[in-house]
Structure formats: structure tokens, C-alpha cells
Amino acid sequence: MITQTSQKKSGRGSTWWNITAGMRKSLVQTQFAQGWSWTGIGQNGMADTLTKEQRSERMGLIRGRDTKPELVVRRLAHRLGYRYRLCCSDLPGKPDLVFRSRRKVIFVHGCFWHLHNGCPNNRMPKSRVDFWKPKLESNKKRDTRNKIKLSRMRWTYLVIWECETKDIETLKARIAGFLDDESN
Ligand SMILES: [Zn+2]
């Protein structure tokens, strides 16, 4: 069953629908644990037994959006009185917060997915290193390319790492400092 579905993962083919909710749930979990289909799971593939919160959290993990650290930063920026848009697809790297009139963006990066150097949250998994290493390294390279593109477009960016969202006071000062600085 898993093999069948994995062949069809991009198309959400009929095989997906012919299986029961319970099987679907275990399939999603398997896929997610294995990591090979996390961009391919659509909302239709989510198990029906999840609560709304669980579902949104799971989808957040899968899509890489609306995960907690991003919410912390969004709430903080909002509370500080800055108005932003979410993730504009016309900008390189789809920044998490876009301050268009200031030509500034903020990325909130997960330490694991974006390979935060020297961070304890960024430990390479012990198994399937041959899968994870190139995947994570290519994420990192893509981030670098996107930052270069943004700079060329005369946008400035701030990267906030997941592990930096715990210290709210410091975070607040960083966000305000970045957005108020008119020299960049
Ligand atoms: Zn980190």
C-alpha cells in the first residue's frame, strides 16, 4: 500500500482515497517520519481523527508555515505596532514577514531544517544520514542564494532562528532595531 501510494504521491491519485482513515493516518505518520513526502501530503491526506489544533500544527510542520516560532515573531511584531504581510511569493525565499513599505523582510528559520550553525537543535539525525545531509545542506544553500537575491533587489532581511524566539525581550529589541533602522 505504501509503495503504491508513494508512486502517486504527487498526484493524490485514487489509491489515496481508497484506503481507510485509519490507514491514511498511519501512512501520513510513516511518510512524515521518513521525511520523503512532507511536501507531497495535502490536506486531503490528513487523518480525520486529529483535532483542529493538532491538524493545524501538523500542517504547519509539513508546510513549514505557522509553526510556533513564527507565531511568536508575528505576534511580537504586531504588538510593537509594525504591520506586515505574510509570506509574499514574489520575493525570494518566501519570507515569513514582509514589511513592504520599508523594503524589509524577516525570516524565521527552524534550526534543524535550515542548519543553524553550532546550535544544539541542529543535530544531524543518526540514521539515514545519506538522505538528511544533502537535503539539509541544499536548504542552507538555497537560503544563501535567496538572501543574495533579496540584497540585489535592495531588500534587507533579518533571520531569526527558532532557538532565538525563547528570549522575548531580546527578540523584541532585535525586531524593533531592525525595522527602525533607516540606514539599511
Ligand atoms: Zn538554533
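Scroll up to find the structure.
Residues numbered from 1 in each chain as written. Predicted model: local features only at pLDDT ≥ 70, side-chain atom pairs only at ≥ 80, totals over all residues.

## Brief notes about the overall build of the protein
Reasoning step 1: Counting its regular elements, the protein contains seven helices and four strands.
Reasoning step 2: Across the protein, helices and strands are ordered from the amino to the carboxyl terminus as α-α-α-α-α-β-β-β-α-β-α.
Reasoning step 3: Burial analysis of the protein (184 residues in total) assigns 16% to the buried set.
Reasoning step 4: For the protein, long-range pairs separated by at least 24 residues make up 52% of all intrachain contacts whose partners lie at least 6 apart in sequence. (Helix = DSSP H or I, 4+ residues; strand = E, 2+ residues; numbered from the N terminus. Buried ≥ 20, exposed ≤ 12 C-beta atoms within 10 Å, placed from the backbone. Contact = placed C-beta atoms within 7 Å.)

## Focus on the nonpolar core
The tendency in soluble globular proteins is for nonpolar side chains to be buried as a group.
Reasoning step 1: Counting 15 residues, the largest nonpolar core has Val73, Leu97, Val105 and Ile106 as its most contacted members.
Reasoning step 2: Mapped onto this core, the elements with two or more residues apiece are helix H5 (68-79), strand S2 (97-99), strand S3 (104-109), strand S4 (156-161) and helix H7 (168-180).
Reasoning step 3: Once residues within four sequence positions are removed from consideration, valine 105 is found in contact with Leu91, Pro95, Leu97, Val98, Phe99, Leu150, Trp155 and Tyr157. (Core = buried A, V, L, I, M, F, W, Y, C linked by C-beta atoms within 7 Å.)

## A word on the pairing of S4
Reasoning step 1: With six bridges joining them, S3 and S4 adopt parallel strand pairing. By the bridge assignment, valine 105 is partnered in S4 with tyrosine 157.
Reasoning step 2: The parallel pair S3 and S4 is bridged by helix H6 (residues 129-152), and the resulting crossover is right-handed. (Pairing = 2+ DSSP bridges. Right-handed = clockwise from strand over helix to strand, strands pointing away.)

## Section: the sheet that holds S3
Reasoning step 1: With respect to topology, four strands assemble into an open sheet ordered S1-S2-S3-S4, the strand pairing being mixed. A strand with exactly one partner marks an edge of an open sheet, and here the two such strands are strand S1 (85-86) and S4.

## Looking at H5
Reasoning step 1: Between its first and last C-alpha, H5 extends 16 Å over twelve residues, near the 16 Å set by a 1.5 Å rise per residue.
Reasoning step 2: Among all positions of H5, only Pro69, Glu70, Val73 and Ala77 are buried. Projected down its long axis, H5 shows its buried positions confined to an angular sector of 100°, all on one face. Residues Arg75, His78 and Arg79 are exposed on H5 and point more than 90 degrees away from its buried face.
Reasoning step 3: Residues of H5 that are buried sit in contact with S2, S3, S4 and H7.
Reasoning step 4: Positioned one or two residues after H5, glycine 81 has a phi angle of 95°, which is positive. (Expected span 1.5 Å × (residues − 1). Arc of directions from axis to C-beta.)

## Some words on the environment of valine 98
Reasoning step 1: Within the secondary structure, valine 98 sits in strand S2.
Reasoning step 2: Along the chain, valine 98 and arginine 83 lie 15 residues apart, while their C-alpha atoms are 8.7 Å from each other.
Reasoning step 3: Setting aside residues no more than four positions away along its own chain, valine 98 makes contact with Tyr84, Arg85, Cys88, Leu91 and Val105.

## Some thoughts on unusual backbone geometry
Reasoning step 1: In this model, lysine 94 sits at a positive phi of 45°, which is unusual for a non-glycine residue.
Reasoning step 2: Looking at the secondary structure, you find lysine 94 in the loop between S1 and S2.
Reasoning step 3: We classify lysine 94 as partly exposed; it has 16 C-beta atoms within 10 Å.
Reasoning step 4: The phi dihedral of arginine 154 falls on the positive side, at around 65°, and the residue is not glycine.

## Some details on the pairing of S3
Reasoning step 1: With six of six residues buried, S3 is to be regarded as a mostly interior element.
Reasoning step 2: What you see with S3 is no split at all: Lys104, Ile106 and Val108 on one side and Val105, Phe107 and His109 on the other are buried throughout.
Reasoning step 3: Judged from the three bridges that link them, S2 and S3 form a sheet pairing that is antiparallel. Considered in S3, the bridge of leucine 97 is made with isoleucine 106.
Reasoning step 4: Linkage of S2 to S3, two consecutive antiparallel strands, is achieved through a turn of four residues, within which arginine 103 is found at a positive phi near 55°.

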